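Notes for the structure review
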Amino acid sequence: MTTQNLNPEAREALLKRLRRIEGQVRGLHKMAEEGRTCDEILIQMDATRKAMASASLTLLQEFLGVFAGQLAQDKAGGIKVEEVTDMLRRFTQ
């Protein structure tokens, strides 16, 4: 499944989150260039990490919703439960 399979609102919300995260990373770069304190940078890095985790969870939820619907209709497009299990395992490690 690709992000093209997501409903348009979910896909746009994901892209918006990723743009925000991209801005956070650019801000981190700027903070390091400006010589900000390690504490300030680490706080922002933690916020960026949490934003990535949140975006990942949202994408995973959307994927599982689409996948479950496809399974119910027997149209999973060749995706196997084992593949989904592997994806979940990577996400939780």
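Residues numbered from 1 in each chain as written. Predicted model: local features only at pLDDT ≥ 70, side-chain atom pairs only at ≥ 80, totals over all residues. Heavy atoms only, no water.

1. Remarks on the overall build of the chain
Stated formally: In this description a helix means any DSSP run of H or I spanning at least four residues, a strand means any run of E spanning at least two, and both kinds are numbered starting from the N terminus. Contact criterion: two residues are considered in contact whenever any of their non-hydrogen atoms come within 4.5 Å of each other. Each accessible area is a Shrake-Rupley estimate made with a 1.4 Å probe; only the visible protein chains count as cover when residues are assessed.
Across its full length, the chain carries three helices and zero strands. Secondary structure elements of the chain occur, N-terminal to C-terminal, as α-α-α. Here the analysis covers contacts within the chain between residues at least 6 apart in sequence; of these, 56% occur between residues at least 24 apart. Total accessible area computed for the chain in this model is approximately 6,800 Å², and 56% of it derives from carbon and sulfur atoms.

2. Structural notes on the pattern of salt bridges
Defined as follows: One speaks of a salt bridge when a side-chain nitrogen belonging to Lys or Arg is within 4 Å of a carboxyl oxygen belonging to Asp or Glu.
Tallied over the full model, the rule gives seven salt bridges. Note that Arg26 is salt-bridged to Glu22, the shortest N-O span being 3.3 Å. Of the two residues, Arg26 and Glu22 both sit in helix H1 (residues 8–34), four residues apart, roughly one turn of that helix. Between Glu34 and Lys30 there is a salt bridge, with the nearest N and O atoms lying 4.0 Å from each other. Here Glu34 pairs with Lys30, and both are found in helix H1, just four residues apart, close to one helical turn.

3. Observations regarding H1
This is how it is decided: One less than the number of residues in a helix, times 1.5 Å, gives the span that helix is expected to have. Partly exposed residues are those whose accessible area sits between 20% and 50% of the maximum for their type, while under 20% is buried and over 50% is exposed, using a 1.4 Å probe and protein chains only. Polar contact is defined as a pair of N or O atoms within 3.5 Å, subject to the rule that within protein one atom must be able to donate a hydrogen and the other to accept it, and that residues adjacent in sequence are counted only when both atoms are side-chain atoms.
Under the 1.5 Å per step criterion, the end-to-end length of H1 is 39 Å for 27 residues, consistent within 8% with the ideal 39 Å. Of all the residues in H1, the buried ones are Ala10, Leu14, Ile21, Leu28 and Met31. A distance of 3.0 Å separates the backbone nitrogen of Glu9 from a side-chain oxygen at the start of H1, and that oxygen is part of Asn7. Within two residues after H1, Gly35 carries a phi angle of roughly 80°, on the positive side.

4. Considering the confidence of the model for the chain
We apply this condition: Along the chain, pLDDT gives the predictor's confidence residue by residue, from 0 to 100.
Overall, the predicted model of the chain reaches an average pLDDT of 84, with 85% of residues at or above 70. The least confident element of the chain, judged by mean pLDDT, is helix H3 (residues 81–92) at 75; the most confident is H1 at 94.

5. Considering the side chain of Thr48
Within the element layout of this structure, Thr48 appears in helix H2 (residues 38–72). Excluding anything up to four places from it in sequence, Thr48 contacts Ile21, Gln24, Val25 and Leu28.

6. Remarks on the environment of Gln44
Relative to the assigned elements, Gln44 resides in helix H2. A residue is classified by how much of its surface remains accessible, and Gln44, at 34% relative accessible area, is partly exposed. Along the primary structure Gln44 and Met31 are separated by 13 residues, whereas in three dimensions their C-alpha atoms are 9.4 Å apart. For Gln44, the contacting residues outside a window of four places in its chain are Leu28 and Met31.

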